[in-house]
Amino acid sequence: MVTIRVAQAAITAFQSKAIVVNHFEGVSVPGGGTGAVDEALGGQISRLIAEGEITGKRGEITRLQADGKLTAARVIVLGLGKREKFDLDTVRDLTADLCRYLRRTNIDEAASIVHGAGSGGLDPAACAQAMAEGAVLGLYTFTRHKSKVEDNKQLNALTLVESDATKLAALEVGVTRGVITAEAANFARDLENEPSNFMTPTDLAAAARQAADEAGLECVILDREEMIELGMGGLLGVAQGSHQPPKFIVLHYKGDPTTDKAIGFVGKGITFDTGGISIKPAAGMEEMKGDMSGAATVIATLRALGKLGPRINVTGIACCTENMPSGSAIKPGDVLRAMNGKTMEVVNTDAEGRLVLSDGLSYAVKLELSPIVDIATLTGAISVALGNVAMGVMSNNDALVEELRAAATQAGEKMWQLPMFEEYKEQIRSEVADMKNTGGRPAGSITAAWFLREFVDDTPWAHIDMAGVDNYEREKGVLVKGASGIPVRTLVAFALAKAAVPAAAK
Ligand code: BES
Ligand code: MN
Ligand code: ZN
């Protein structure tokens, strides 16, 4: 694990294996920390700029030896790209790329000026947060199941160096927030990357309990018997095909003692989705170990909130089971009854996410949580609509969508709204029950959202379909191969923003 520190010093006098300065495209005379280092190096950086060796192109890395002219051994000049395009996402992604470069080239400790906080003109705390997030997210690896790790290089420490004493407190705040949030996203990644034989509903419940202990949360785990008592027919129906017992996980973060009101996050926790009797094709089925990403997101978000301590109450719910075909599994045509009494015709057992969420949402309504946000790898159709670029959001409340979108923008995670026109609802009308669990191919993500909406009554609610962005095949900026940890940082930002509003306005 990389440690991020803040230090007050002149970058030219800082002792480190490498100090990182930066350069914008099109700038001929370096200023700030880069200017100071340039001067100490006898104008070497400006010479390389004049010669066209250093262009400042986004992500360009130039490595120079300090040859005793600085306290540090070497200098790295990081290209920040064009100033007009520069923002916090650039800082976050480039820090991730940079940290992987340092690790790859065997530099186990480095120091950097705070990109963006000088001539970049961005808020220092936000820049420090983005750098901390970039480092922690970008260096993530998942090697638990390898008997031998071939490449054991590590970047152990990154120090953000700032000479202006008045900025230090803000930088510390940013680093703390960034490290806690990014570590939470990495925690979600760990849960998501874990194969289903190591991450059963029981394992997920144990992970939630441990997260609760670490972060001072209350944790309640409902077992099958309690689910039967509560009439959770959706979750129980999906679970009946599996030998693994289902778990209904509830985590409470209580940060505002002046009120009982709490917001609710509800996650889909299918620890493996075979499709059930409507079985999925073999190709790519291994990806379905990540069908509990919604649940992982909720657990990790609550852990981050417990550590950050904002003045707000948040309850996280995760509906966890496997979806297996077997002699005891639900079959197409079966009818299930959810906790709120509504009946659901199971036309396709592979549309199991909405079945388990029916009970999670009913439970959230019973606890009077508001608003309620559910998070799920719900439909393949969302990647047809939005690719692996953005998650989809569908809602009965546009103001809530705006809040979520603002939080996503702040986190550098993309979210786009799909419409919930009444016409789509007709597609899930059933002849035998209150609704059926698929509406056919057209607008598959929206009909799924209409199904979920049946369980939230009038509560302000939003559904995040993250099926296109839960896993990546290539490393890029803060994303690495495998689970993305999206949208943990969005939900943390959302809760923090809500906490910043006076209680009366919540
Ligand atoms: N877990 C899947 C959705 C999914 C697909 C997630 C690809 C990640 C990548 C979900 O349970 C599912 O199977 N949905 C079906 C619904 C259909 C049967 C109405 C789908 O999208 O095909
Ligand atoms: Mn499915
Ligand atoms: Zn699924």
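Thresholds applied
- Residues numbered from 1 in each chain as written.
- Chains lettered and ligands numbered in written order.
- Predicted model: local features only at pLDDT ≥ 70, side-chain atom pairs only at ≥ 80, totals over all residues.
- Heavy atoms only, no water.
- Near = heavy atom within 4 Å.
- Polar contact = N/O pair within 3.5 Å; in protein donor to acceptor, adjacent residues only side chain to side chain.
- Areas by Shrake-Rupley, 256 points an atom, 1.4 Å probe, with all protein chains shown as cover.
- Nonpolar A, V, L, I, M, F, W, Y, C, P; charged D, E, K, R; others polar.
- Domains from an automatic or database assignment.
- Buried area = accessible area lost by both parts, 1.4 Å probe.
- Salt bridge = Lys/Arg side-chain N within 4 Å of Asp/Glu carboxyl O.
- Helix = DSSP H or I, 4+ residues; strand = E, 2+ residues; numbered from the N terminus.
- Axes fitted to C-alpha atoms, helices over the stretch in contact; angles between N-to-C directions.
- Parallel < 35°, antiparallel > 145°, perpendicular 65-115°, else oblique.
- Left-handed = near helix turned anticlockwise from the far one by under 90°.
- Contact = heavy atoms within 4.5 Å.
- Core = buried A, V, L, I, M, F, W, Y, C linked by side-chain atoms within 4.5 Å.
- Buried < 20%, exposed > 50% of the residue type's maximum accessible area, 1.4 Å probe, protein only.
- Donors = N, O, S within 2.8 Å, 3.2 Å for Na, K, Ca; no water.
- Tetrahedral: all angles 85-135°; square planar, octahedral: opposite > 155°, others 65-115°.
- Pairing = 2+ DSSP bridges.
- Expected span 1.5 Å × (residues − 1).
- Phe/Tyr/Trp six-rings, centres within 6.5 Å; stacked < 30°, edge-to-face > 60°.
- Lys NZ or Arg CZ within 6 Å of the ring centre and 35° of its normal.

1. Observations concerning the site of ligand 1
Logical step 1: In the neighbourhood of ligand 1, 15 residues make up the surrounding shell, with Lys280, Asp291, Asp350, Glu352 and Gly380 lying closest.
Logical step 2: Separating an oxygen atom of ligand 1 from a side-chain N or O atom of lysine 280 is a distance of 2.8 Å.
Logical step 3: Threonine 377 has a polar backbone atom sitting 3.4 Å from a nitrogen atom of ligand 1.
Logical step 4: When the free accessible area of ligand 1 is taken as 510 Å², the share hidden by the protein chains comes to 77%.
Logical step 5: A class-by-class count of the residues in the shell around ligand 1 yields three nonpolar, five polar and seven charged.

2. What about the domain arrangement of the protein?
Put simply, an interface is often sized by how much accessible area is lost when its parts join up.
Logical step 1: Looking at the assigned domains, one finds that the protein contains domain 1 (3-161) and domain 2 (181-498).
Logical step 2: Centre-to-centre separation of domain 1 and domain 2, based on C-alpha positions: 38 Å.
Logical step 3: Both faces considered, domain 1 and domain 2 share a buried interface measuring about 1500 Å² in area, 55% of it formed by carbon and sulfur atoms.
Logical step 4: Linking domain 1 with domain 2 are three salt bridges, by the criterion used here.
Logical step 5: In this structure, glutamate 133 and arginine 489 form a salt bridge, with 2.8 Å as the shortest nitrogen-oxygen distance.
Logical step 6: Counting the contacts that link domain 1 with domain 2 gives 13 residue pairs in polar contact (both at pLDDT 80 or more).
Logical step 7: Listing elements by their share of the side of domain 1 that touches domain 2, those giving two or more residues are α3 (88-104) and α4 (124-138).

3. A word on the packing of helix α9 (residues 293-308) against helix α15 (residues 488-500)
Logical step 1: With their axes 9 Å apart at the nearest point, α9 and α15 run at an angle of 45° to one another. Considering the angle they form, α9 stands oblique to α15. For α9 against α15, the interelement crossing comes out right-handed. Across the interface between the two elements, Thr297, Ala300, Thr301, Ala304, Leu305 and Leu308 from α9 touch Val488, Leu491, Val492, Ala495 and Leu496 from α15.
Logical step 2: Of the residues assigned to the contact of α9 with α15, the class counts are nine nonpolar, two polar and no charged.

4. Comments concerning unusual backbone geometry
Trans is the prevailing form of peptide bonds, just as negative phi is the prevailing case for residues other than glycine.
Logical step 1: In this chain, serine 370 is followed by proline 371 through a cis amide linkage whose omega measures -5°.
Logical step 2: In this fold, proline 371 is placed in the loop between α10 (353-366) and β13 (372-376).
Logical step 3: Here the amide bond leading from isoleucine 486 into proline 487 is cis, since omega sits at -5°, within 30 degrees of zero.
Logical step 4: Positioned with a positive phi, asparagine 106 is a non-glycine residue whose angle comes to about 70°.

5. Things to note about the nonpolar core
For soluble globular proteins, nonpolar side chains are generally found buried alongside one another.
Logical step 1: Formed by 98 residues in total, the largest nonpolar core has its most connected members in Ile4, Leu204, Ile249, Phe265, Val314 and Leu404.
Logical step 2: Element by element, the count of residues in this core is highest for helix α5 (residues 168-193), at 11 residues.
Logical step 3: No fewer than three residues from each of domain 1 (3-161) and domain 2 (181-498) sit in this core.
Logical step 4: Residues Val238, Ala364, Leu386 and Ile428 belong to the second largest nonpolar core, which totals 46 residues.

6. Here we look at the coordination of the zinc ion (ligand 3)
Logical step 1: Every protein donor of the zinc ion (ligand 3) is accounted for by Lys268 (NZ), Asp273 (OD), Asp291 (OD) and Glu352 (OE), and the metal-donor separations fall at 2.0 to 2.4 Å.
Logical step 2: Angles of 78 to 173° at the metal separate the six donor atoms of the zinc ion (ligand 3), which places the site in the octahedral class.
Logical step 3: The sequence pattern formed by the donor residues of the zinc ion (ligand 3) is K-x4-D-x17-D-x60-E.
Logical step 4: In this structure, the zinc ion (ligand 3) lies 3.1 Å away from the manganese ion (ligand 2), the two metals sharing aspartate 273 as a donor. Within this pair, whereas aspartate 291 is found in the loop between β9 (263-273) and α9, its partner glutamate 352 is found in the loop between β12 (343-345) and α10, the two being separated by 61 residues in sequence.

7. Structural notes on the sheet that holds β12
Logical step 1: Read across the open sheet, the three strands follow the order β11-β12-β16; overall the sheet is mixed. Each of the sheet's edge strands pairs with one partner strand only, and the pair in question is β11 (335-337) and β16 (435-436).

8. Comments concerning α9
Logical step 1: The first and last C-alpha atoms of α9 sit 22 Å apart over 16 residues, in line with the 22 Å expected at 1.5 Å per residue.
Logical step 2: By the criterion of burial, α9 is predominantly enclosed, with 13 of the 16 residues buried.

9. Quick notes on the sheet that holds strand β1 (residues 3-8)
Logical step 1: Strand order in the open sheet made by the six strands is β1-β6-β5-β2-β4-β3, with mixed pairing throughout. With one partner strand each, in any of the chains shown, β1 and β3 (61-65) form the two edges of the open sheet. Averaged over all pairs of adjacent strands, the angle between their axes in this sheet comes to 25°, without regard to strand direction.
Logical step 2: As judged from the five bridges shared by strand β5 (residues 109-113) and strand β6 (residues 157-162), these two strands associate in the parallel manner. If you follow glutamate 109 over to β6, its bridge partner there is alanine 157.
Logical step 3: Packed on one face of the sheet, helix α1 (residues 32-40) meets β2 (18-24), β4 (74-81) and β5 and runs near 115° to β2.
Logical step 4: Sheet contacts for α5: β1 and β6; angle to β1, the most-contacted strand, approximately 180°.

10. What to know about the packing of aromatic side chains
Logical step 1: Taken as a whole and judged by the stated rule, the model has five aromatic pairs.
Logical step 2: For the pair phenylalanine 421 and tyrosine 424, a centre-to-centre distance of 6.1 Å together with 25° between the ring planes defines the contact as stacked.
Logical step 3: The exposure class of tyrosine 424 is partly exposed, given its relative accessible area of 22%.
Logical step 4: Seen in terms of ring centroids, phenylalanine 451 and phenylalanine 455 are 5.7 Å apart; in terms of plane orientation they differ by 45°. Their pairing is tilted.
Logical step 5: Judged by relative accessible area, phenylalanine 451 falls into the buried class, the value being 0%.
Logical step 6: By relative accessible area, phenylalanine 455 is classed as buried at 1%.
Logical step 7: Here the basic side chain of arginine 303 rests over the ring of phenylalanine 187, its NZ or CZ set 4.3 Å away from the ring centre.

11. Notes on the coordination of the manganese ion (ligand 2)
Logical step 1: On the protein side, the manganese ion (ligand 2) has Asp273 (OD), Asp350 (O), Asp350 (OD) and Glu352 (OE) as donor atoms, found 2.1 to 2.2 Å from it.
Logical step 2: Classification of the site at the manganese ion (ligand 2) rests on its six donor atoms, whose angles at the metal span 71 to 170°, yielding the label irregular.
Logical step 3: Donor residues for the manganese ion (ligand 2) sit on one chain with the sequence pattern D-x76-D-x1-E.

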